[in-house]
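Residue strings, one per chain:
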Amino acid sequence: MYSWCRNIILLMFALPLLSYGQLTPAQRTNMDSVLTIIGSSNSDSVKIANLQYITQLTERIEPEIAIKYNFEIIQLARHMLKQNNSSTDSIVSLRYASAFMSIGRCYQYFYLNNLDSAIHYYSKAEEVGKEYNHSQISTACLGNMSAIHKSRGEYDMALELLDTVLARSLITGNRVYQATAVNFQGEIFKEQGNFPKALSKYYDALDIYEELEDQYGISITLTNIGNLFTFQEEYQQALKYLWKSANLDLSLGDSLGYASGLINIGGLYSDILRLDTAEILYRDALEIVEGSGNLNMIATVLNNLGQTISSKGQINEALPYLERAYELRVQIDDVRGQASTLTSLSEVHLGLGNNAKAKELGEKSLAIAKEIKQLVRTKEAHRNLYQVYKKLNLFEKALYNHEYYVLLNDSIRNDENTKQVLRQEFAHQARQVHIADSIEAAKRDEINLQKLRASNADKAKTEMRNWFLVGFLLLVIAVAIYILNRLKITRRQKSIIEKQKTEVDNAYAQLGEKNKEIMDSINYAQRIQNAILPPTSVLQK
């Protein structure tokens, strides 16, 4: 069973495919506003900056639009660079190189899948980056091109480019580039059947990623090491690394990384004939990747799911999965993947009694595997053709393919190869213990998929309850603040009223005293008057 390993090309090499479709109305309005700014501006610098914003907005959603505006950036940048303005040349040339690189990504990843065009534009970006001393873009483009050559089985060219990436990253001190290139070299050596050298590269990369505390890089490398142990049939070791990687992806919120972990673990369970568990893992992974637009991952899950269903004896049900996987792999020019899927399709047609079709597909798979010098694919193709020729009573050809299958299988898993792999493992453990979890812990982490689904459902419910509780608490706090505020206002008003009442009472008391004083004065004057004047009766006489 072919387990898919995540590409080692991180953000330094290419943006991962996250989405594909159409701009939302809000994004479309935003883009129209930016285009209005571009149309009204007389500054080429302003136009380039805003055009680059549009390409970043559209590259992963509507790549055709991104390509169109990247070409406009290229034209404007060329015009500006001819003017030799030292104050702007650095920024303009960077955007010039970035535009070529963005076009390359569109052709490589975002549903255009024209790898020759991708290489052409990456080469352009690399030349511009080199000319204007933008080493990161230049090196990243070499990394992207190496990924394309690897997917085509052109390993010598891929390794040559990676050597250049390593040399440049050593000069610039870019440790992330170093780790990524070394990791990718390990992938190539693994596919060529040189497992000890592959494992050595993986451990070198892991050392760097751990030094940098790069969790994504660590996860990818753990996956690669786990897959290598799967190929070596060291399943307990493989599980330890694969689960470590998958759990790390889950903690990072990397859904595609987690899906790739499920795919790899599913491949392991398929190898040990725990087919029901493998199928559940693959279906869960397919549910995650279907909406991602990542054709490589979708094709891989479909291929592995088809193989697993076929191994369970459900041949008719397996055929549509494998046929769709093959169509996607042709679409994205994944030659290595085509060889694997053709072998699986040949096996299915043989099971259905379509012997001539099985022979045609099997021979095509072997031709591709030999052409790209992919040892594992070649071995599987010979194994399949042995069964096909035996069914057709072509015993001489059957024997020839069986002998080659045994020879290649022994070459890949010979004792010395296994010993070297184990020595690499022990040497690394002596240098630094990367995996603290025991095999028992890995087994305890083994997925019971029904529990996983229930756990996910419970988690969603818990999150909903938590959000409801947070909302309720916020409402309570808001009401409490309102009530406290009203109480504060009421107290303030009461204080004012009491103060006013005191002032009124004081004024009233003062008024009473004044009134008493006035009355006392009047009475006093009255007495004086009475004392001076004779009585009224005398006056009347």
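Residues numbered from 1 in each chain as written. Predicted model: local features only at pLDDT ≥ 70, side-chain atom pairs only at ≥ 80, totals over all residues. Heavy atoms only, no water.

This part is about the pattern of salt bridges. A full pass over the atoms with the stated rule returns 18 salt bridges. A salt bridge links Arg-168 to Glu-126; its shortest N-O distance comes to 2.8 Å. Note that Arg-168 is positioned in helix α7 (residues 155-172) and Glu-126 in helix α5 (residues 115-131), a separation of 42 residues in sequence. Residue Arg-168 shares its accessibility class with Glu-126, and that shared class is buried. One network of salt bridges, with partners in common, ties together Asp-276, Glu-279, Arg-283 and Lys-312. (Salt bridge = Lys/Arg side-chain N within 4 Å of Asp/Glu carboxyl O. Helix = DSSP H or I, 4+ residues; strand = E, 2+ residues; numbered from the N terminus. Buried < 20%, exposed > 50% of the residue type's maximum accessible area, 1.4 Å probe, protein only.)

Let's shift gears to helix α12 (residues 255-271). Over its 17 residues, α12 runs 24 Å from end to end, which matches the ideal 24 Å to within 8%, given 1.5 Å per residue. Within α12, 15 of the 17 residues are buried, which leaves the element mostly enclosed by the surrounding structure. Once α12 ends, the next one or two residues include Leu-273, with phi positive near 65°. (Expected span 1.5 Å × (residues − 1).)

Residues of the protein with pLDDT of at least 70 account for 82%, and the chain-wide mean is 81. Across residues 1-20, confidence stays below pLDDT 50; counting only partners more than four residues off in sequence or on other chains, it has 98 contacts. Between residues 432-439, whose pLDDT stays under 50, and residues either more than four places distant or in other chains, the model counts 13 contacts. (pLDDT = per-residue confidence, 0-100. Contact = heavy atoms within 4.5 Å.)

Turning our eyes to something else, we now look at the packing of aromatic side chains. Centre distance and the angle of the planes are the two values used to describe a pair of aromatic rings. Counted according to the given criterion, the structure contains 7 aromatic pairs. Ring geometry for Phe-71 versus Tyr-121: centroids 5.9 Å apart, planes at 70°, classification edge-to-face. You can see Phe-71 sitting in helix α3 (residues 63-82) and its partner Tyr-121 sitting in helix α5, a full 50 residues away along the chain. Relative accessible area serves as the criterion here: at 33%, Phe-71 is assigned to the partly exposed category. Given a relative accessible area of 14%, Tyr-121 falls into the buried group. With centroids separated by 4.9 Å and ring planes inclined at 55°, the aromatic side chains of Tyr-400 and Tyr-404 adopt a geometry described as tilted. With a gap of 4 residues between them, Tyr-400 and Tyr-404 both fall in helix α19 (residues 395-412), about one helical turn apart. A relative accessible area of 35% means that Tyr-404 is categorised as partly exposed. Through pairs of rings, three or more aromatic residues link up here, namely Phe-71, Tyr-96, Phe-100, Tyr-107 and Tyr-121. (Phe/Tyr/Trp six-rings, centres within 6.5 Å; stacked < 30°, edge-to-face > 60°.)

One finds Tyr-122, Ile-225, Ile-265 and Val-289 to be the most contacted residues of the largest nonpolar core, which totals 106 residues. Sort the elements by how many residues they give to this core and α3 lands first, with 10 residues. Those residues in contact with Ile-265 that sit more than four places away from it in its chain are Leu-239, Leu-242, Trp-243, Ala-246 and Leu-281. (Core = buried A, V, L, I, M, F, W, Y, C linked by side-chain atoms within 4.5 Å.)

Between helix α2 (residues 44-58) and helix α4 (residues 89-108), whose axes approach to 11 Å, the crossing angle comes to 35°. Between α2 and α4 the crossing geometry is left-handed. On the side of α2, the interface is formed by Ser-45, Ile-48, Ala-49 and Gln-52, while α4 contributes Val-92, Arg-95 and Ser-98. When its residues are assigned to classes, the contact of α2 with α4 shows 3 nonpolar, 3 polar and 1 charged. (Axes fitted to C-alpha atoms, helices over the stretch in contact; angles between N-to-C directions. Left-handed = near helix turned anticlockwise from the far one by under 90°. Nonpolar A, V, L, I, M, F, W, Y, C, P; charged D, E, K, R; others polar.)

Next up on the list: the environment of Glu-126. Its relative accessible area of 12% is what places Glu-126 among the buried residues. C-alpha of Glu-126 to C-alpha of Ser-98: the two residues are 28 residues apart in sequence and 9.6 Å apart in space. With sequence-adjacent residues up to four places away left out, Glu-126 is seen in contact with Ser-138, Cys-141, Leu-142 and Arg-168.

Glancing now at the packing of helix α17 (residues 355-371) against helix α18 (residues 375-391). Across the interface, α17 lies against α18 with an axial gap of 9 Å and an inter-helix angle of 155°. One finds that α17 runs roughly antiparallel with respect to α18. The two elements α17 and α18 meet at a crossing, and its hand is left-handed. Facing α17, whose interface residues are Asn-355, Ala-358, Lys-359, Gly-362, Glu-363, Ser-365, Leu-366, Ala-369 and Lys-370, α18 presents Arg-377, Thr-378, Ala-381, His-382, Asn-384, Leu-385, Val-388, Tyr-389 and Lys-391. Residues belonging to the contact of α17 with α18 are distributed by class as follows: 7 nonpolar, 6 polar and 5 charged. (Parallel < 35°, antiparallel > 145°, perpendicular 65-115°, else oblique.)

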